[in-house]
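# Examination of the molecular architecture
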Amino acid sequence: MKAVYIITLFCLLLLLAATEANNRRGPVMPGPEPYQLELPPGLPPPAYDFSQNPLTRQGMALGRHLFYDPKLSRDSSISCGFCHQQFAAFGHFDHALAHGVEGRIGTRSVPTLFNLIWQKNFMWDGGVNNLEIQPLTPLTDPNEMGMDLGALIKRLQADAGYRKMFKAAFGTEEITSQRLFRAITQFVATMISFQSKYDSVMRKAPGVAFTPEEQEGYVIFQQKCAACHREPFFTDFSYRNNGLPYLPNLNDVGRMRITGSTGDYLKFKVPTLRNILKSSPYMHDGRFIDIYQVFNQYAHGVQQSATIDPLVKNGIALSGKEQRELYMFLNTLTDPGFIANKAYSEILIQ
């Protein structure tokens, strides 16, 4: 009995010592909380590999903070959210071309940001082939955020608030470019837009139906637009020459800049039509501010060239009535819940 008593006392002393040591170290911080992204039914699996960057609440929160922080730019004036405006479906409503530090102007319009996890290539010319690497281009482009990546990592590492957020998201205070990009990716990966009127009609939601004009517009869309703008993403993710006249002042040859092939001359990514009426200006260089200008371009302005896409080579004729009906259908692709979702909204950066 005496031996049992001694062993029990010894175990209690060990427990008390461990408790005291833990108290000195402070409370144990919980690890990152996993987050399950809910995807609409009937869609193909995402192209993005979440197994290498699983979503966590802390990682998404860090990514959101980074997305809206102007300190990511060279002069601390431009954030990702500065150009990717939520009310414009994370495009840029009031500028034809991207612009950034020191008032500099780029050569292409700002693409929208949603449903990115189903894409394999990014940018208007497909020059980036991984969602995690995509932020590198605007961060370092001298006409956009103009930031040296090494200098940015040092800037963030010197910030106690960021060290705390990176520790919550990744387990330690170490800030690396991979962690930076993965956090931003976790945030933008959650930007899913499949709650438009069109989606409700396709799901046969009770009490939801196209109006006669919307239905006629849907028929026109299927006949004249759907070959490139395929449902349900309203893009086939391809690169095509849609007959836009070349602009010498921009000197943009499209995907040919990436592939080096003359067969890709003036080919640009087919953009999604989801939220299209909220995300003007249109085309890779933002030359059209109004969707009716786009209709007229396809009807009367297609410029012939060796790489013109056969689907638009002869133009896409639309009467005034058909244009209005197509407009009404495109309006059903607007997702008000996505555009107003506070989970994506700008946060106040201290």
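The structure presented is a predicted model; accordingly, all values stated were derived computationally and were not measured. The residue numbering used here restarts from 1 in each chain and proceeds along that chain's sequence as written. Local features in a predicted model are, by the rule used here, given only for residues with pLDDT of at least 70; side-chain atom pairs are given and counted only at 80 or more, and totals for whole chains, interfaces and linings are based on all residues. Only hydrogens and water are removed before side-chain values are computed, so all heavy atoms of the structure are retained for them.

## Remarks on the side chain of Q186
For Q186, the location among the structural elements is in helix 7 (residues 177-189). For Q186, a relative accessible area of 2% gives the class buried. Each polar contact in these results corresponds to two N or O atoms within 3.5 Å; when the atoms are within protein, one needs to be able to donate a hydrogen and the other to accept it, and residues that are neighboring in sequence are counted only if both atoms are side-chain atoms. There is a polar contact of 2.9 Å between the side chain of Q186 and the backbone nitrogen of T56. Runs of E in the DSSP output that reach at least two residues are strands. Runs of H or I that reach at least four are helices, and both are numbered from the N terminus. Per-residue accessibility, obtained with a 1.4 Å probe over protein chains only, is compared with the maximum for each type, and a residue is labelled buried under 20%, exposed over 50%, and partly exposed between these values.

## Here's the deal with the layout of surface pockets
Cavity and pocket criteria rest on a 1 Å grid covering protein atoms alone: a 1.4 Å probe that fits but cannot get out defines a cavity, protein on both sides within 12 Å along at least 5 of 7 lines defines an open pocket, and an atom within 4 Å of a point defines a lining residue. Grid points are joined across faces, edges and corners, and a volume is the space filled by probe spheres set on the points. What the second largest pocket holds in volume is close to 710 Å³. Considering the residues around the second largest pocket, the lining is formed by 36 residues, among which M123, T137, P138, D141 and E144 are closest to the centre. Those elements that place two or more of their residues in the lining of the second largest pocket are helix 3 (80-83), helix 4 (136-140) and helix 7. Here the residues of the lining of the second largest pocket sort into 20 nonpolar, ten polar and six charged. Gly falls in the polar group here, along with every residue not listed as nonpolar (Ala, Val, Leu, Ile, Met, Phe, Trp, Tyr, Cys, Pro) or charged (Asp, Glu, Lys, Arg).

## Considerations on the pattern of salt bridges
Here a salt bridge means any side-chain nitrogen of Lys or Arg lying within 4 Å of a carboxyl oxygen belonging to Asp or Glu. The full count for this structure, using the stated rule, is 16 salt bridges. Across the salt bridge formed by R257 and D125, the nearest N and O atoms sit 2.6 Å from each other. One end of the pair, R257, is in helix 10 (residues 256-259); the other, D125, is in the loop between helix 3 and helix 4, and 132 residues separate them in sequence. Exposure remark for D125: the relative accessible area of 1% places this residue in the buried category. A salt bridge links D236 to R240; the nearest nitrogen and oxygen atoms lie 2.7 Å apart. Accessibility classification places D236 together with R240 in one group, the buried group.

## Observations concerning empty space enclosed by the protein
This model, assessed by the stated rule, comprises one cavity of 30 Å³ or more. When its volume is computed, the largest cavity comes out at roughly 90 Å³. Along its surface, the largest cavity is lined by N242, L244, P245, Y246, L247, L250, D252, L266, F268, H284, D285 and R287. A class-by-class count of the residues in the lining of the largest cavity yields seven nonpolar, two polar and three charged.

## Topic: the environment of N314
Looking at where N314 falls in the secondary structure, it is placed in the loop between helix 11 (291-300) and helix 12 (320-331). Sequence-wise, N314 and A299 are 15 residues apart; in three dimensions their C-alpha atoms are separated by 8.7 Å.

## As for helix 5 (residues 149-157)
Inspection of helix 5 places L152, I153 and L156 among the buried residues, and these make up the whole buried set. Within helix 5, the buried residues cover an arc of 100° as seen down the axis, which keeps them to one side. Where helix 5 is buried, its residues meet helix 2 (57-67), helix 4, helix 6 (160-170) and helix 7. A side-chain oxygen of the first residue of helix 5 lies 3.2 Å from the backbone nitrogen of G150; this N-cap is D148. Note: the arc covers the axis-to-C-beta directions of the helix. In what follows, a contact means two residues having at least one pair of non-hydrogen atoms within 4.5 Å.

## Topic: helix 7
The first and last C-alpha atoms of helix 7 sit 18 Å apart over 13 residues, in line with the 18 Å expected at 1.5 Å per residue. Judged by how many residues are buried, helix 7 sits mostly within the fold: eleven of 13 residues are covered. When helix 7 is considered as a whole, its buried residues turn out to be R179, L180, F181, R182, A183, I184, T185, Q186, F187, V188 and A189. Packed against the buried residues of helix 7 are helix 2, helix 4, helix 5 and helix 6. How far a helix is expected to stretch is found by multiplying one less than its residue total by 1.5 Å.

## Remarks on the packing of aromatic side chains
We call Phe, Tyr and Trp rings a pair once their centres come within 6.5 Å, taking the six-membered ring for Trp, and we label the pair stacked below 30 degrees between planes, edge-to-face above 60, and tilted otherwise. Taken as a whole, this structure holds 28 aromatic pairs when the rule is applied. Among the aromatic side chains, those forming a connected cluster through ring pairs are F67, Y68, F90, F114, F187, F338 and Y344. The rule is short: NZ of Lys or CZ of Arg within 6 Å of the ring centre and within 35 degrees of the ring normal puts a charge over the ring. Positioned above the aromatic ring of Y239, the side-chain terminus of R255 is 4.4 Å from the ring centre.

## Looking at unusual backbone geometry
Looking along the chain, the bond that leaves E231 and enters P232 is cis, with omega of 0°. Along the chain, P232 falls in the loop between helix 9 (212-224) and strand 1 (239-240). Omega for the bond connecting S280 with P281 falls within 30 degrees of zero, at 5°, which places this linkage in the cis form. Along the chain, P281 turns up in the loop between strand 2 (268-269) and helix 11. Phi at F234 is positive, roughly 60°, even though this residue is not glycine. Overall, the relative accessible area of 0% leaves F234 in the buried class.

## Quick word on the environment of C83
Secondary-structure assignment places C83 in helix 3. We classify C83 as buried; its relative accessible area is 8%. When the C-alpha positions of C83 and G301 are compared, they lie 29 Å apart, and in sequence the two are 218 residues distant. With near-sequence residues (within four places) excluded, C83 lies in contact with G91, H92, H99 and V110.

## Looking at the packing of helix 5 against helix 7
The axes are straight lines fitted to the C-alpha atoms, using for helices just the contacting stretch, and the angles between their N-to-C directions are given from 0 to 180°. Where helix 5 contacts helix 7, the axes come no closer than 10 Å and their chain directions differ by 80°. Between helix 5 and helix 7, the interaxial angle falls into the category roughly perpendicular. In contact with L149, L152, I153 and L156 of helix 5, helix 7 contributes S177, L180 and F181. A per-class count over the contact of helix 5 with helix 7 returns six nonpolar, one polar and no charged. By definition in this entry, angles of less than 35 degrees are roughly parallel, angles greater than 145 are roughly antiparallel, angles of 65 to 115 are roughly perpendicular, and the rest are oblique.

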